[in-house]
Amino acid sequence: MAELDSQIASTRESCVQLNETAIRKIALIKRVLASRTLYPTTTLMPNLWNKLAGRKPRNDPAFASPGESVIPADFLQSGPEAGEAPRRHVGPPTLPETPLPNMASGANDLMVSTAHPRRGWRERLSGSGFARGLTSLFSRNPVLSDELLDELELTLLSADVGVAATTELIDDLRRRMHKREFADAAAMREALRARLVAMLEPVARHLDVGGRKPFMLLVVGVNGVGKTTTIGKLARRFHNEQRDVLLAAGDTFRAAAVAQLQEWAGRLDIPVCAQGQGADSASVIFDALQMGIAHGNDVLIADTAGRLHTRSGLMDELAKVKRVVGKLDADAPHEVLMVIDGTTGQNAINQVRQFIDAVGVTGLVVTKLDGTAKGGVVFALAREFALPIRYVGLGERAEDLRVFDPRAFVDGLLPGAA
């Protein structure tokens, strides 16, 4: 019994000591937080945006002049008054005035015209794998040979031009080479350019939105191809043409899709028909068409949720949208515009085929052709479906959504002889 009493007393004493230690640590932390000496020893982390943009951080010790304080002035003023909460480290106060190039934010936002010179097709496309491969091929092979054609065939196939289109091109060039129609590789290069342009000219048809009021565009595509961004750029284009535009936020599945569309529409001062996330997409678009008819809008652009072409249930939802709007206008939608990621490759063929079956695609927009996109899928789509290619995306800015021009496109991939 005495031993048990001794253990209880020892345990109680240990608890009291731990309690006192914790109280002392808390008091110490409070004194440190309330002290001005905390701030001179705190180095502000340079703003990540400043780092990426290559701008001089405002409070980076590495850029400070000798004797210059890297601490905001308000940190070095008198400590907190009695009863006030301790001041905290707040970091750099603002973002830089000019954001990173080609970023949709700040003064150079996607929806805002800028003073930056517009980059041409050749400048935008010259960095693609397709363009680099063709340019390198002809610079390394100035003499006509079957080996040149074999290497050209591999280049076309690797750039997603497709087996059928590549075979057609190579067989024609080989036949003409054996008939001695080409004096050298440069002549073959010009013949290839002409054949590529001829493949694309039948699908370069301008989208005319003046035949109906409102002219309804239903924008579809798989996940992540840039549908909502393309809608913002189209809205700006039509708005600049003095057309009365209405947007329908039919992507009620993706988080923040409705808010994204509303933000861009607000900057253009155009209306948006929207409901909450999870609402029925067909209902939203039906209401938007009713609104467009009542208000006399010129153009209605309807967003839809991205969906994999292999998911039959989701594809059926698109067919439902078409059936529902057909109750108001038998011809609506007047254009079903499918957005395709230019980096997708040959899988784009299957995507288009499934969307044609589900909702009847009538036009294409090929995005993300700048940078590392191969670009050859444009030729495969033109040969396989002969659907009009209305626009191509050559960058992130609004003006980078260009009306498709076959000659400019081919010249960007394979420039002509100087």
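Residues numbered from 1 in each chain as written. Predicted model: local features only at pLDDT ≥ 70, side-chain atom pairs only at ≥ 80, totals over all residues. Heavy atoms only, no water.

> Can you help me understand helix H9 (residues 257–268) in this one?
Between its first and last C-alpha, H9 extends 17 Å over 12 residues, near the 16 Å set by a 1.5 Å rise per residue. Those residues of H9 that sit buried are Ala 257, Val 258, Leu 261, Trp 264, Ala 265 and Leu 268. Projected onto a plane normal to the axis of H9, the buried residues spread over an arc of 135° and lie on a single side. Two residues or fewer after H9 comes Asp 269, characterised by a positive phi angle close to 60°. (Helix = DSSP H or I, 4+ residues; strand = E, 2+ residues; numbered from the N terminus. Expected span 1.5 Å × (residues − 1). Buried < 20%, exposed > 50% of the residue type's maximum accessible area, 1.4 Å probe, protein only. Arc of directions from axis to C-beta.)

> Got a minute to help me understand helix H8 (residues 227–240) in this structure?
One turn of an α-helix holds 3.6 residues; hence residues three or four places apart share an orientation. Across its 14 residues, H8 extends 20 Å between first and last C-alpha, which sits within 8% of the 20 Å expected from 1.5 Å per residue. Extensive coverage of H8 is indicated by the burial of 10 of its 14 residues. Count one or two residues on from H8 and you reach Gln 242, which has phi positive near 65°.

> Looking at this structure, how should I read the pairing of strand E2 (residues 245–248)?
Side-chain positions along a regular strand alternate between the two faces of the sheet. Across the two faces of E2 the burial is the same, with Val 245 and Leu 247 and Leu 246 and Ala 248 all buried. In the sheet, E2 pairs with strand E4 (residues 299–302) via four bridges, with the strands oriented parallel. By the bridge assignment, Leu 247 is partnered in E4 with Ile 301. Bridge count between E2 and strand E3 (residues 272–273): two bridges; the pairing is parallel. Within E3, the residue paired with Ala 248 across the bridge is Cys 273. Traced from E2 through H9 to E3, the parallel crossover comes out right-handed. (Pairing = 2+ DSSP bridges. Right-handed = clockwise from strand over helix to strand, strands pointing away.)

> Any chance you could explain the packing of helix H5 (residues 146–158) against helix H6 (residues 163–178) here in plain terms?
In helix packing, the relevant descriptors are the interaxial angle and the interaxial distance, both defined with respect to the helix axes. The N-to-C vectors of H5 and H6 enclose an angle of 165°; their axes lie 10 Å apart at closest approach. Between H5 and H6, the interaxial angle falls into the category roughly antiparallel. Crossing of H5 over H6 shows right-handed handedness. Across from Asp 146, Leu 149, Asp 150, Leu 152, Glu 153, Leu 156 and Leu 157 in H5, the residues of H6 making contact are Val 163, Thr 166, Leu 169, Ile 170, Leu 173, Arg 174, Met 177 and His 178. Its residues assigned to classes, the contact of H5 with H6 shows nine nonpolar, two polar and four charged. (Axes fitted to C-alpha atoms, helices over the stretch in contact; angles between N-to-C directions. Parallel < 35°, antiparallel > 145°, perpendicular 65-115°, else oblique. Left-handed = near helix turned anticlockwise from the far one by under 90°. Contact = heavy atoms within 4.5 Å. Nonpolar A, V, L, I, M, F, W, Y, C, P; charged D, E, K, R; others polar.)

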